Amino acid sequence: MLTNNKNVLNWVDEMVALTKPDKVVWIDGSKEQLDEIRKQSVESGEMIKLNEEKLPNCYLHRTLPNDVARVEHRTFICTRNKEDAGPTNNWEDPQVMYKKLGEMFDGVMKGRTMYVIPYLMGPVGSEFSKVGFEITDSNYVVLNMDIMTRMGKDAIDQLGETSNDFVRGLHSKADIDEEKRYICQFPEDNTIWSINSAYGGNVLLGKKCFALRIASFQGKNEGWMAEHMLILGIENPQGEVKYICAAFPSACGKTNLAMLIPPEVYKKAGYKVWCVGDDISWLRQGPDGRLWAINPENGFFGVAPGTNLKSNPNALHSTEEGTIFTNVALNLDTNTVWWEGLDKNPPTNAINWKGEKWDCTDGSKGAHPNSRFTAPARNCPCISKEFNNPQGVPISAIVFGGRRAKTAPLVYQSRDWNHGVFVGSIMASETTAAATGAVGVVRRDPMAMLPFCGYHMADYFQHWIDMGQKLGDKAPKIFNVNWFRTDDEGNFIWPGFGDNLRVLSWILDRCEGKVDAVETPIGFGPKVEDINIDGLSIDETTVANLLNVDKELWKEEVGGIHEFYGKFGDRLPKELIAELQTLENNLE
Ligand code: GTP
Ligand code: SPV
Ligand code: MN
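The model shown is predicted, which means the values in this text are computed figures rather than measured ones.

Rules of the game
Residues numbered from 1 in each chain as written. Chains lettered and ligands numbered in written order. Predicted model: local features only at pLDDT ≥ 70, side-chain atom pairs only at ≥ 80, totals over all residues. Heavy atoms only, no water. Near = heavy atom within 4 Å. Polar contact = N/O pair within 3.5 Å; in protein donor to acceptor, adjacent residues only side chain to side chain. Areas by Shrake-Rupley, 256 points an atom, 1.4 Å probe, with all protein chains shown as cover. Nonpolar A, V, L, I, M, F, W, Y, C, P; charged D, E, K, R; others polar. Domains from an automatic or database assignment. Contact = heavy atoms within 4.5 Å. Buried area = accessible area lost by both parts, 1.4 Å probe. Donors = N, O, S within 2.8 Å, 3.2 Å for Na, K, Ca; no water. Tetrahedral: all angles 85-135°; square planar, octahedral: opposite > 155°, others 65-115°. Helix = DSSP H or I, 4+ residues; strand = E, 2+ residues; numbered from the N terminus. Buried < 20%, exposed > 50% of the residue type's maximum accessible area, 1.4 Å probe, protein only. Axes fitted to C-alpha atoms, helices over the stretch in contact; angles between N-to-C directions. Parallel < 35°, antiparallel > 145°, perpendicular 65-115°, else oblique.

1. Describing the site of ligand 2
For step 1, the next point in the chain: Taken together, Arg70, Gly201, Lys207, Lys208, His228, Ser250, Asp279, Phe301, Arg372, Ala434 and Phe452 make up the full set of residues adjacent to ligand 2.
For step 2, the next point in the chain: Interatomic distance of 3.0 Å between a backbone N/O atom of Gly201 and an oxygen atom of ligand 2.
For step 3, the next point in the chain: Take Lys208: an N or O atom from its side chain is 2.4 Å from an oxygen atom of ligand 2.
For step 4, the next point in the chain: For ligand 2, the protein covers 98% of the area, taking 280 Å² as the surface of the free molecule.
For step 5, the next point in the chain: Split by residue class, the shell around ligand 2 holds three nonpolar, three polar and five charged.

2. As for the domain arrangement of the chain
For step 1, the next point in the chain: Along its sequence, the chain is carved into domain 1 (6-44 + 69-223), domain 2 (227-298 + 386-587) and domain 3 (300-379).
For step 2, the next point in the chain: Computed from C-alpha atoms alone, the centre-to-centre distance between domain 1 and domain 2 is 31 Å.
For step 3, the next point in the chain: Listed as interface residues are 40 residues of domain 1 and, on the opposing side, 38 residues of domain 2.
For step 4, the next point in the chain: With both sides pooled, the region where domain 1 packs onto domain 2 buries about 3,400 Å², and carbon together with sulfur makes up 54% of that total.

3. What to know about the coordination of the manganese ion (ligand 3)
For step 1, the next point in the chain: The coordination sphere of the manganese ion (ligand 3) contains the protein donors Lys208 (NZ), His228 (NE2) and Asp279 (OD), at a distance range of 2.1 to 2.5 Å.
For step 2, the next point in the chain: Every donor counted, the six donor atoms about the manganese ion (ligand 3) form angles of 62 to 174° at the centre, which fits irregular coordination.
For step 3, the next point in the chain: Donor residues for the manganese ion (ligand 3), ordered by position in the chain, follow K-x19-H-x50-D. Separated by 51 residues along the polypeptide, His228 in the loop between strand S12 (225-227) and strand S13 (229-235) and Asp279 in the loop between strand S15 (272-277) and strand S16 (281-285) bring together distant segments of the chain.
For step 4, the next point in the chain: On the accessibility criterion, His228 (0% relative accessible area) is buried.
For step 5, the next point in the chain: Overall, the relative accessible area of 8% leaves Asp279 in the buried class.

4. Some details on helix H13 (residues 501-511)
For step 1, the next point in the chain: With nine of its eleven residues buried, H13 lies for the most part within the structure.
For step 2, the next point in the chain: Residues of H13 that are buried include every one of Leu501, Arg502, Val503, Leu504, Ser505, Trp506, Ile507, Leu508 and Arg510, and no others.
For step 3, the next point in the chain: Gly513 sits one or two positions beyond H13 and adopts a positive phi of about 65°.

5. Details of the side chain of Thr3
For step 1, the next point in the chain: With respect to the element layout, Thr3 can be found in the segment before helix H1 (6-19).
For step 2, the next point in the chain: Thr3 sits in the buried class, given a relative accessible area of 6%.
For step 3, the next point in the chain: Among the polar contacts listed, one links the side chain of Thr3 to the backbone nitrogen of Asn5, at a separation of 2.9 Å.
For step 4, the next point in the chain: Apart from the residues within four sequence positions on either side, Thr3 is in contact with Val8, Leu9, Trp26 and Ile156.

6. Concerning unusual backbone geometry
For step 1, the next point in the chain: The backbone phi angle of Ile176 is positive, close to 50°, even though this residue is not glycine.
For step 2, the next point in the chain: Mapped onto the elements, Ile176 comes out in the loop between strand S9 (166-172) and strand S10 (182-186).
For step 3, the next point in the chain: Although it is not a glycine, Asn327 adopts a positive phi angle of roughly 65°.
For step 4, the next point in the chain: Of note, Asn327 is situated in the loop between strand S19 (324-326) and strand S20 (329-331).

7. With respect to the packing of helix H11 (residues 417-425) against helix H16 (residues 574-587)
For step 1, the next point in the chain: The interhelical angle for the contact between H11 and H16, taken along N-to-C directions, is 85°, at an axis separation of 9 Å. By the angle between their axes, H11 is roughly perpendicular relative to H16. Of the residues in H16, those in contact with Asn418, His419, Val421, Phe422 and Ser425 of H11 are Glu575, Leu576, Glu579, Leu580 and Leu583.
For step 2, the next point in the chain: Of the residues assigned to the contact of H11 with H16, the class counts are five nonpolar, three polar and two charged.

Printed below as a string of structure tokens:
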């Protein structure tokens, strides 16, 4: 036991009585303890130790083929009133769910070790950080939580001896039975129960379950925001750094944007990019009235496929030490890892993500499309010096974006905060492999929070509007981007990745009032000549195409927005209805 806090001890006792483990181990975060767990995991085959010279302290883990992504259809928000979960969440009554899962958790850890993991979301010593405990029977969870959070004593110290303000997470792999898989949030009790998965976002309870679903609910009640947003800093040649938060749906480019390498012309001019976070932001109004962000996480749970020295060298370098790879291919000749898009030389002597001998010429994939790396933030060559700053960083712009083959232009700016909330609320994006289900289907995903909002989505929109009221003229400017427009052959038109800085520069120039814009039916767009294409192979005609707002497509879009908004009935803020009306008028 690491603490005398009775609230923690009583809860752990209850969970021990329920799950009946053979042994209880409190995780203090010490190297000796973690080394022992790593050793056991290698002995049991749960993890494979990789080449110590090429990838020191790195491991490979494979999950079952039925357990490779978040499961949105089995994720529940359990509030006492069904209404409070809203039309976009699965709901069950908390008493019913506790009973149902209670039966499944009863005795589930017999013959197993229970780990009790204290962890902190947010920088040590920050008044914005929050404490969680995760109880789990998975070594993989312990070792991933060590990378993704500040684990052990820091969390115990932050909680103190008497506080009851911590999130109670219970996880068991159980039988990894997908028919009995449940990811349940009880926002009114600060509680998360997850069973029958051993994969990423389903089981690393500090991440989506706490830092988004529970925290969004806390934020609404406490006057702050928990968002699915990266945080990056852009340093100009004068050495000033401005910070941007960006919300894109899963597997739509947050990690890539957060660590981008400036294109040559920007590098030469003296621009630098600093990563504060790649997935989640907690945002509050600071004493100066501006909006400030912290990254609650301590590592990156990033998409492996497509990550390479050209697309995202900073992410790749982050994985060179102390990293856990999940569901990638194993190169048997070198005992290193490989995934699609890493390089053009797939290993000829290899094991695929399913653990089978893999023939790279037979058209099958070596790595799962949602294979991931869990890498410590400290490894990232461009990690911001503010990463551990308890105050966080002040935000100049908020950027929304998704994967849209046609409708959304490369970039546009909202007319004001409420219009920006509207722009976020109508986000739509093609689905990706980050969740189970069909890939490439366009769906509404407001603020990239559809799978992560822990309460009624219309109340969430209202909360955004309220935050804008509080921030007044200190509020960040709000933009929308789309890196994924395609030509008639289906190829991406915009080069993307590092070149996205060209768009971010326009965004910052707008924030500083340094550049004009053109008014379009959907908001302010750049003048073609204001997107710097120096050093790119595309010309101004292509840029004009990328910026084009097709009125006919947008009229269709309005139909989809009406349908989506229809779900929320009276609870939808009237400000958003007015914005939709304005859009319709502008399209006439
Ligand atoms: P989660 O971790 O699931 O939240 O994903 P993410 O939003 O961090 O996405 P990530 O940066 O890992 O990118 C996902 C996929 O999008 C990868 O396959 C990238 O190669 C691709 N991608 C990222 N940025 C761009 C871009 O600017 N253009 C294009 N065409 N593809 C991109
Ligand atoms: C996402 O799907 O947005 C992720 C991966 O960041 S997971 O942690 O599995 O949710
Ligand atoms: Mn994510």
